[in-house]
Amino acid sequence: MAQYIERYQRRRLISSYFSVVLSIALVLFLLGILGMLVINTKKLADHFKEQITISVFLKDNAKPVEIDQLQKSLAMADYTKSAVYVSKEDAAEQYSEDIGENFQEFLGYNPLKNSVDVNLNADFVSPEQVEEIATNLSTKTYVDEVSYDKPLISLLNDNVKKISLWILIASAIFTVIAVLLINSSIRLSIYSKRFIIKTMQMVGATKKFIRKPFIATNLKLGVFGSLLAVLALAIVLYYVNSNFPELNLFQDVSVLAILFTSVLLLGILISYISTYFATQRFLNLRTDDLYY
């Protein structure tokens, strides 16, 4: 009978430890994902901004040397990410593929123009700056037209600001929730030992002596939970980076190291603070209050 009770108590203890580790790991994992979103918000926004294309259409009488000079000057400009010359023949071929038929056979000629497609650096993608760039390019005598999607640029910038704000708000809210959830899990595990705490106190053990094993145990659980969260976070980041290499999630190793270290330290810090105050609460309770 005594062995059965001992095994039962051991299973309960292991189950309690497992639930604490799992809750810490899950909460910190989600917090790490949110932290990764915060860190990469600008990178994601820059990626979409750099897909914006300014098409500089050239007049039919534009000389090859003028086209070459334009392409080189654009390629060297601070605002340019890439500048690609597209001949009217290449443009016609691409357009025919897009619509699924050869429009030149129907029209009898190629109405398209030679152009230089310019992708801007993200820092220059704003309605005012793009308008200024387009105006400057339009002043060249051999440029027929400068075309870009004005509504898209305005919409993109507005949405980036809104998303960034909401991600920061969500991060703050979720951080508070994470602290509360981990704190609740640890308090529940200590609640089951409240009578042991009071018994030790009644036989003369000091508060520091009673707190010490609880803090040591929950710090270990916090470390295990944090390491599980870091491992899961690393797997998810590796998967995302493999499927979306253009994001370059592993480009800045120092940022990832800071993120993983922050998750680990946060788990340890919350575990310590929660354990300290939970044990302190039961140490300060009267014996009669332990039953409520």
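Residues numbered from 1 in each chain as written. Predicted model: local features only at pLDDT ≥ 70, side-chain atom pairs only at ≥ 80, totals over all residues. Heavy atoms only, no water.

Under an unreviewed UniProt entry, the name given to the protein chain is Cell division protein FtsX, and the organism recorded is Croceitalea rosinachiae. Under the UniProt heading Function (unreviewed entry), the entry covering the protein chain gives this text: "Required for cell division and gliding motility." According to its UniProt record, the protein chain has this under Sequence similarities (unreviewed entry): "Belongs to the ABC-4 integral membrane protein family. FtsX subfamily." (UniProt positions renumbered as here; feature names shortened; annotations may be inferred.)

Trainee: Would you take a moment to explain a negative patch on the surface for this structure?
Mentor: There is a patch of like negative charges on the surface, built from Glu 89, Asp 90, Glu 93 and Glu 97. Tracing the chain through its elements places Glu 93 in helix H3 (residues 88-99). (Patch = residues over 30% accessible without salt bridge, like charges linked within 9 Å, V, L, I, M, F, W, Y side chains within 5 Å. Areas by Shrake-Rupley, 256 points an atom, 1.4 Å probe, with all protein chains shown as cover. Salt bridge = Lys/Arg side-chain N within 4 Å of Asp/Glu carboxyl O. Lys, Arg positive; Asp, Glu negative; His and termini not counted. Charge placed at Lys NZ, Arg CZ, Asp CG, Glu CD. Helix = DSSP H or I, 4+ residues; strand = E, 2+ residues; numbered from the N terminus.)

Trainee: Help me understand helix H2 (residues 64-76), please; the structure alone is not making it clear to me.
Mentor: Note that an α-helix has 3.6 residues per turn; residues three or four places apart therefore point the same way. Here H2 spans 18 Å end to end across 13 residues, near enough to the 18 Å set by a 1.5 Å rise per residue. Taken residue by residue, H2 has Ile 67, Leu 70 and Leu 74 as its buried positions. One face of H2 carries all of its buried residues, which in axial projection span an arc of 65 degrees. Exposed side of H2, more than 90 degrees from the buried face: Pro 64, Gln 69 and Met 76 are the residues found there. Elements in contact with the buried residues of H2: strand S1 (53-58), strand S2 (80-86), strand S3 (115-120) and helix H5 (127-138). (Expected span 1.5 Å × (residues − 1). Buried < 20%, exposed > 50% of the residue type's maximum accessible area, 1.4 Å probe, protein only. Arc of directions from axis to C-beta. Contact = heavy atoms within 4.5 Å.)

Trainee: Looking at this model, I keep getting lost on the pattern of salt bridges. Mind explaining?
Mentor: Two side chains with opposite charge may pair up if their charged atoms get near one another. The final tally for this structure, using the stated rule, is three salt bridges. Between Lys 81 and Glu 50 there is a salt bridge whose closest N-O contact spans 3.5 Å. Taken together, the residues span a long stretch of sequence, with Lys 81 in strand S2 and Glu 50 in the loop between helix H1 (2-49) and S1 at a distance of 31 residues. Put simply, Lys 72 and Asp 68 hold a salt bridge, and the shortest N to O gap is 3.3 Å. Separated by four residues within a single helix, Lys 72 and Asp 68 lie in helix H2, roughly one turn from each other. Judged by its relative accessible area of 35%, Asp 68 is partly exposed.

Trainee: Any chance you could explain a nonpolar patch on the surface here in plain terms?
Mentor: Taken together, the side chains of Leu 165, Trp 166, Ile 169, Ile 173, Ile 177 and Leu 181 make up a nonpolar region of the molecular surface, amounting to roughly 590 Å² of accessible area. Mapped onto the elements of the fold, Trp 166 is located in helix H6 (residues 150-191).

Trainee: Help me understand the environment of Asn 241 in this model?
Mentor: Tracing the sequence through the fold places Asn 241 in helix H8 (residues 207-243). Ignoring sequence-local partners within four residues, the contact set of Asn 241 consists of Asn 248, Leu 249 and Phe 250.

Trainee: Which parts of the structure should I look at to understand H5?
Mentor: Under the 1.5 Å per step criterion, the end-to-end length of H5 is 16 Å for 12 residues, consistent within 8% with the ideal 16 Å. Within H5, burial applies to Val 130, Ile 133, Ala 134 and Leu 137. An end-on view of H5 places all buried positions within 95 degrees of arc, on one side of the element. In H5, the exposed positions that point more than 90 degrees away from the buried face belong to Glu 128 and Glu 132. Elements in contact with the buried residues of H5: S1, H2, S3, strand S4 (143-147) and H6.

Trainee: Before we go on, may I ask you to explain the packing of helix H7 (residues 194-202) against helix H9 (residues 253-284) in this structure?
Mentor: Helix-helix packing is described using two parameters, namely the angle between the two axes and the distance between the axes. For the pair H7 and H9, the least separation of the axes is 9 Å and the interaxial angle reads 60 degrees. Taken together, the axis directions place H7 and H9 in an arrangement best described as oblique. Judged by the sense of rotation from one axis to the other, the crossing of H7 with H9 is right-handed. Contacts between H7 and H9 pair Arg 194, Ile 197, Lys 198 and Gln 201 from the former with Thr 279, Phe 282 and Leu 283 from the latter. When its residues are assigned to classes, the contact of H7 with H9 shows three nonpolar, two polar and two charged. (Axes fitted to C-alpha atoms, helices over the stretch in contact; angles between N-to-C directions. Parallel < 35°, antiparallel > 145°, perpendicular 65-115°, else oblique. Left-handed = near helix turned anticlockwise from the far one by under 90°. Nonpolar A, V, L, I, M, F, W, Y, C, P; charged D, E, K, R; others polar.)

Trainee: Looking at this model, I keep getting lost on the packing of H6 against H9. Mind explaining?
Mentor: In the contact formed by H6 and H9, the axes pass within 9 Å of each other and the chain directions differ by 45 degrees. Between H6 and H9, the crossing angle belongs to the class labelled oblique. At the point where H6 passes H9, the crossing takes the right-handed sense. Contact with H6, carried on its side by Val 179, Ile 182, Asn 183, Ile 186, Arg 187, Ile 190 and Tyr 191, involves Ile 270, Ser 271, Ser 274, Thr 275, Ala 278, Thr 279, Arg 281 and Phe 282 of H9 and no other residues of that element.

Trainee: I would appreciate a short explanation of the nonpolar core in the present structure.
Mentor: For soluble globular proteins, the rule of thumb is that nonpolar side chains tend to be buried together. The biggest cluster of nonpolar side chains holds 30 residues, and the ones touching the most others in it are Leu 28, Ile 182, Ile 190, Ile 197 and Leu 237. Looking at this core, the elements with two or more residues in it are H1, H6, H8 and H9. The contact partners of Leu 237, leaving out residues within four places of it in the chain, are Met 36, Leu 249, Phe 250, Leu 256 and Phe 260. Counting 27 residues, the second-largest nonpolar core is a separate cluster that includes Leu 58, Ile 67, Ala 83 and Val 143. (Core = buried A, V, L, I, M, F, W, Y, C linked by side-chain atoms within 4.5 Å.)

Trainee: Is there a simple way to explain the sheet that holds S3 in this structure?
Mentor: The strands making up a sheet associate through hydrogen bonds between their backbones, and the pairing can be parallel or antiparallel. Across the sheet, four strands lie side by side as S2-S3-S1-S4; this open sheet has antiparallel pairing. The strands lining the two open edges of the sheet, one partner per strand, are S2 and S4. Along the sheet, successive strands turn relative to each other by an average axial angle of 20 degrees, direction set aside. Note: S1 against S3, five bridges, orientation antiparallel. By the bridge assignment for S3, Ile 54 is matched with Val 118. Taken strand by strand, H2 contacts S1, S2 and S3, and its axis lies near 160 degrees from that of S2. Lying on the sheet, H5 is in contact with S1, S3 and S4; it crosses S4 at an angle near 170 degrees. (Pairing = 2+ DSSP bridges.)

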